[in-house]
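Okay, here's what each chain looks like letter by letter:
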Amino acid sequence: MRYLHTMIRVRDLDASLRFYCKGLGLQEMYRTENEKGRFTLVFLAAPEDVELAKARKAPLVELTYNWDDEEYGGGRNFGHLAYRVDDIYETCQRLMDMGVTINRPPRDGHMAFVRSPDNISIELLQDGDLPPAEPWVSMPNVGAW
């Protein structure tokens, strides 16, 4: 058995792509438009997984955008996606500059939690360890993570 992808339903494809691609740095690998089913699927890979994703179509995150308006609840009971990042402080700062709330700041230089535009919890883990640094050390948790 091997992991293929995680599917997340999104309400605003543009906002979600901005978050996942521009904010987190994922790359769009391919997309499928299904007019009969009225949905779009967009498959994303982390930068270090791009070659593997090209070869195996995995590991990926699948964003599912249903063209008809629909409410999705319970992002927290989905759990979370986790990504290892090269510089957790730079990643969190880039997301904050985009208006994303850092729900659990990287006070320890190792772990942070943010939420996507669709309220999906995203865990960011530092590759290696960075020493604790301001302003992160002094930032409180905000909301649910």
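Everything quoted here is computed from the prediction, not taken from an experiment.

(A) Quick look at the sheet that holds strand β8 (residues 121-126). One open sheet accounts for four strands, arranged β5-β8-β7-β6; its pairing is mixed. The open sheet terminates on both sides in strands that have one partner only, identified here as β5 (80-85) and β6 (102-104). Strand-to-strand twist of the sheet, defined as the mean angle between neighbouring strand axes without regard to direction, takes the value 35°. Alignment of strand β7 (residues 111-115) against β8, held across five bridges, turns out to be antiparallel. Within β8, the position partnered with Ala112 by the bridge is Leu124.

(B) Looking closely at the domain arrangement of the chain. Considered domain by domain, the chain is made up of domain 1 (5-66) and domain 2 (81-126). Put simply, the middle of domain 1 and the middle of domain 2, counted by C-alpha atoms, are 19 Å apart. Together, the buried faces of domain 1 and domain 2 total about 1300 Å²; carbon and sulfur atoms form 68% of this surface. It is Phe19, Gly23 and Leu24 in domain 1 that bury the most area against domain 2; as a group they hold 42% of the surface buried on that side. Linking domain 1 with domain 2 are four residue pairs in polar contact (both at pLDDT 80 or more).

(C) Highlighting the sheet that holds strand β2 (residues 27-34). Reading across the sheet, the four strands line up as β1-β4-β3-β2 and stay open at both edges, with mixed pairing between neighbours. At either margin of the open sheet sits one strand with a lone partner, and together these are β1 (5-10) and β2. Shown here is a sheet whose adjacent strand axes are inclined to one another by a mean of 20°, direction ignored. Bridge count between β2 and strand β3 (residues 39-45): seven bridges; the pairing is antiparallel. Residue pairing across strands places Asn34 opposite Phe39, the latter belonging to β3. Packing against the sheet, helix α1 (residues 13-23) makes contact with β1, β2, β3 and β4 (60-66), and its axis sits at approximately 5° to β3.

Definitions and limits used
Residues numbered from 1 in each chain as written. Predicted model: local features only at pLDDT ≥ 70, side-chain atom pairs only at ≥ 80, totals over all residues. Heavy atoms only, no water. Pairing = 2+ DSSP bridges. Helix = DSSP H or I, 4+ residues; strand = E, 2+ residues; numbered from the N terminus. Axes fitted to C-alpha atoms, helices over the stretch in contact; angles between N-to-C directions. Domains from an automatic or database assignment. Buried area = accessible area lost by both parts, 1.4 Å probe. Polar contact = N/O pair within 3.5 Å; in protein donor to acceptor, adjacent residues only side chain to side chain. Contact = heavy atoms within 4.5 Å.

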